[in-house]
Amino acid sequence: MATTINITKRTDTKINNVDFNNLIFGTVFTDHMFYCDYKDGQWQQPQITPYQAMSFDPAARVFHYGQAVFEGMKAYKDEEGKIFLFRPDQNFKRINKSSARLAMPEFPEDFFFEGLTELLKLDSAWIKPGVGNSLYLRPFVIATEPAISASPAKEYRFMIILSPAKAYYAGKVRVLFAEKFSRAANGGVGFAKAAGNYAAQFYPTSLAQKKGYQQVIWTDANSHENLEEAGTMNVFFRINDTLITAPTSDRILDGVTRKSLIQLCDDLNINCEVRNITVSEIKTAAKNGSLKEIFGAGTAAVISPVEAFEHAEELFELPEIENSYGSLLKDSMLKIQHNLAEDKHGWRYEV
Ligand code: COI
């Protein structure tokens, strides 16, 4: 496809200053970035430039009303140097679904895929081969129009930045089930990757962290009884030999990893139920020994096992288990992502 992107390359590279064995998630960025402005009712000429700071008017609406959405994706490199994305069509659809909910314009499919492709080709040295290595891709859109009346902007900037990444959580995580605070409400924006959904979690999560928990598992805002998602990842619970995950709704993010795992369960003959799951069901299962594992699933988090949870001042430690479903599914998904296994669902997208 002929590129419509205006490309300005860096003449040098920052890569030699990066310690790829000691990456802190989301703190190191590659040499280039992609952006495209929306004004006069249309998306303008896309640009790739050296990664750099940008200036925005202090009245840009994103600073006042939070019109901002984003995506999380990863690129992988196989031993032959081929680069793959995992189900990027899903991220493309989801960013536009998020944008639509926040009254923002949808981004064109050809710009999205051309932008990703050209950027990844330019910064391909930043993708290290090998399971466990990846390049995290962060497409996002912000309202840039300088005007502080509370209404949707007429101008936006779509951007993609890239950051080499290993796992988001280094080991097992300890979680708190939410009893008071809520992440999302019926009819709200919980299903969208809206920046504000994340900011709203920071305070309750910081309280959980003071008690020694990395994450909160959010419950429904009405009863605080249904377990929903962890904010940085969807959640799976295993009772005896059955995995259970909450159905998506307007409160829960339709995670790409989540839906891929549901399919992989089918492929691996693991029974997976998509249904409401309650705090009392999980506490009873923890008490009678039928709760075998809990894990989070997301692009950044990959699959993160939970080692303990707390609810209403009761602490439950999960047992160590051999051949956990979490590790079987993680192994199976990583092999597909890294071109080490058959891709029978057509999830890999070669760049
Ligand atoms: C992702 O998994 O890509 C996310 O957007 C979660 C974020 C907290 C890093």
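The structure presented is a predicted model; accordingly, all values stated were derived computationally and were not measured. Every chain is numbered independently, its residues counted from 1 as its sequence is written. Reporting of local features is limited, given that this is a predicted model, to residues whose pLDDT is at least 70; pairs of side-chain atoms are given and counted only at 80 or more, and all residues count toward the totals for whole chains, interfaces and linings.

**Digging into the pairing of strand E14 (residues 271–274)**
And step 1. Relative to E14, strand E13 (residues 242–245) runs parallel, the two being bridged by four bridges. Bridge pairing in E14 places Ile244 opposite Glu273.
And step 2. Seen with its strands pointing away from the viewer, a crossover is right-handed when the path leading from the first strand over the helix to the second is clockwise. Going along the chain from the N terminus, every DSSP run of H or I of four or more residues is numbered as a helix, and every run of E of two or more is numbered as a strand. Viewed along the sheet, the connection from E13 through helix H5 (residues 256–267) into E14 turns out right-handed. Pairs of strands are assigned from DSSP output, requiring at least two bridges between the strands.

**Notes on the environment of Asn21**
And step 1. The topology assignment puts Asn21 in the loop between strand E1 (6–7) and strand E2 (32–39).
And step 2. The spacing of Asn21 and Gly196 is 175 residues in sequence and 32 Å in space, taken between C-alpha atoms.

**Concerning the site of the ligand**
And step 1. For each residue, a C-beta atom is positioned from the backbone; the residue is called near a molecule or strand if that atom sits within 6 Å of it. Taken together, Gly72, Thr232, Gly298, Thr299, Ala300 and Ala301 make up the full set of residues adjacent to the ligand.
And step 2. Note on residue classes: Ala, Val, Leu, Ile, Met, Phe, Trp, Tyr, Cys and Pro are nonpolar, Asp, Glu, Lys and Arg are charged, and everything else, Gly too, is polar. Split into classes, the residues belonging to the shell around the ligand amount to two nonpolar, four polar and no charged.

**Regarding the environment of Gly346**
And step 1. With respect to the helices and strands, Gly346 occurs in the loop between helix H7 (325–337) and strand E18 (348–350).
And step 2. Each C-alpha atom of the pair Gly346 and Phe295 lies 25 Å from the other, and the pair is 51 residues apart in sequence.

**Some remarks on the domain arrangement of the chain**
And step 1. Examined at the domain level, the chain breaks down into domain 1 (6–166) and domain 2 (173–338).
And step 2. Where each domain starts and ends follows an automatic or database-derived domain assignment. Spacing between the C-alpha centres of domain 1 and domain 2 amounts to 27 Å.
And step 3. Contacts between the two partners involve 23 residues from domain 1, matched on the other side by 14 residues from domain 2.
And step 4. Sorting the residues of the side of domain 1 that touches domain 2 by element identifies strand E5 (68–70), strand E6 (73–77), strand E7 (83–86) and helix H2 (88–101) as the ones contributing at least two each.
And step 5. A per-element tally of the side of domain 1 that touches domain 2 places H2 first, with six residues.
And step 6. For the side of domain 1 that touches domain 2, the per-class residue count stands at eleven nonpolar, five polar and seven charged. We call two residues in contact when their backbone-placed C-beta atoms lie within 7 Å.

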